[in-house]
Amino acid sequence: MKVLIGCEYSGRVRKAFYEKGHDVLSCDFIDSIDNSDNHYQGDVLDVINEDWDLLIAHPPCTYLSRAGARWLYPKGELNDKRYNKLLEGRKLFMQLYNSDIKKIAIENPTPFKIANLPKPSQIIQPYMFGDPYTKRTLLWTKNLDLLKPSNLVEPKGSWLPSNTSGFKKNQKSQKGFSKTGDYSLTFQGIADAMANQWG
């Protein structure tokens, strides 16, 4: 199967499919961490029309994610500059979602309602696939079965820090377990499940 992994530089999903024998290319504006020859450094839209059987995409969520509410609505008013970035992010999301590829999966966190994205197909968590953390992740899929939990484990806490703005109001906050601060990397258990079930 010919597989495109859009907006990925870690190579985790690419390698999971490669190890299953698929013809797979990852793509991102950033060079791949493993310096793989199976990585295109550039715009995913440059290579999206090359007769792929499956697209798995992780479009940038900085401006789409509901986690950024305090920046989109500082002091309760809409930040026009950030809203325009949200619209740009939505445009890319929809270009990927509506691309001429039979099987599609797009991964992102919970978006703003005003982004007006399609309804997601399912919600997954890392602890459903062997990594003992919570990190709510949404999948939008076409012509693919829902991803089934492959290794359910007890979560020991959130992967991401949370509620940084509520801290001063005595609201509960979490530091999160991530040490790198790079929250976009796909968990290995999820990458392996995608390759095993969709490959």
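Fair warning: this is a prediction, and the values are worked out from it, not measured in the lab.

**Side note on a negative patch on the surface**
Point 1. Among the surface-exposed residues, Asp23, Glu50, Asp51, Asp53 and Asp100 lie close enough to one another that they form a single negatively charged patch.
Point 2. Inspection of the secondary structure assignment puts Glu50 in the loop between β3 (39-41) and β4 (54-57).

**Here we look at the packing of aromatic side chains**
Point 1. Counting across every chain of the model gives three aromatic pairs.
Point 2. Between Phe93 and Tyr97 the ring centres are 6.4 Å apart and the planes differ by 25 degrees, which places this aromatic pair in the stacked class. Here Phe93 and its partner Tyr97 are both found in helix α3 (residues 80-97), four residues apart, which amounts to about one turn of the helix. A single burial state applies to Phe93 and to Tyr97, both of which are buried.
Point 3. These aromatic residues form a ring-pair network of at least three members: Phe93, Tyr97 and Trp140.
Point 4. Lying across the ring of Trp52, Lys2 places its NZ or CZ 4.8 Å from the centre.
Point 5. Between Lys142 and the ring centre of Tyr97, over which it is positioned, the NZ or CZ distance is 4.2 Å.

**A short note on the layout of surface pockets**
Point 1. Taken as a whole, the second largest pocket spans an internal volume of roughly 190 Å³.
Point 2. Arg66, Thr110, Pro111, Phe112, Lys113, Asn116, Leu117, Pro118, Pro120, Arg136, Leu138 and Trp140 together form the lining of the second largest pocket.

**Here's the deal with the sheet that holds strand β1 (residues 2-6)**
Point 1. Overall, mixed pairing links the seven strands, which are arranged β3-β2-β1-β4-β5-β7-β6 in an open sheet. The outermost strands of the open sheet, each flanked by one partner alone, are β3 and β6 (122-124). Strand-to-strand twist of the sheet, defined as the mean angle between neighbouring strand axes without regard to direction, takes the value 20 degrees.
Point 2. Where strand β2 (residues 23-28) and β3 come together, three bridges link them in parallel fashion. Looking across to β3, one finds that Cys27 is bridged to Tyr40.

About the criteria used
- Each residue is numbered by its place in its chain's sequence as written, counting from 1.
- Residues qualify for local features only when their pLDDT is at least 70, as the model is predicted, and side-chain atom pairs are given and counted only at 80 or more; totals for whole chains, interfaces and linings, by contrast, use all residues.
- Water and hydrogen atoms were dropped before computing side-chain values, which therefore reflect all heavy atoms in the structure.
- Only residues whose relative accessible area exceeds 30% and that form no salt bridge enter a patch; like-charged residues are grouped when within 9 Å of one another, and nonpolar side chains (Val, Leu, Ile, Met, Phe, Trp, Tyr) when within 5 Å.
- Only the protein chains shown count as covering a residue, and every accessible area follows the Shrake-Rupley method with a 1.4 Å probe.
- Criterion for a salt bridge: a side-chain nitrogen of Lys or Arg within 4 Å of a carboxyl oxygen of Asp or Glu.
- The positive count covers Lys and Arg only, the negative count covers Asp and Glu only, and His and the chain ends enter neither.
- Each charge is placed at NZ for Lys, CZ for Arg, CG for Asp and CD for Glu.
- Counting from the N terminus, the helices are DSSP H or I runs at least four residues long and the strands are E runs at least two residues long.
- What counts as a ring pair is set by centres within 6.5 Å for rings of Phe, Tyr and Trp (its six-membered ring), and what kind of pair is set by the plane angle: stacked under 30 degrees, edge-to-face over 60, tilted for all other angles.
- Type-normalised accessible area, obtained with a 1.4 Å probe on protein chains alone, sets the label of each residue: buried when under 20%, exposed when over 50%, and partly exposed for intermediate values.
- Over a ring means this: the NZ of a Lys or the CZ of an Arg is within 6 Å of the ring centre and within 35 degrees of the ring normal.
- With a 1 Å grid spanning the protein atoms alone, the term cavity applies to any set of points in which a 1.4 Å probe fits but cannot get out, the term pocket to an open set with protein on both sides within 12 Å along at least five of seven lines, and the term lining residue to any residue with an atom within 4 Å of a point.
- Grid points are joined across faces, edges and corners, and a volume is the space filled by probe spheres set on the points.
- Strand pairing is assigned whenever DSSP detects at least two bridges linking the two strands.
- Angular values range over 0 to 180 degrees, each being the angle between N-to-C directions of two axes fitted as lines to C-alpha atoms, with helices fitted over their stretch in contact.

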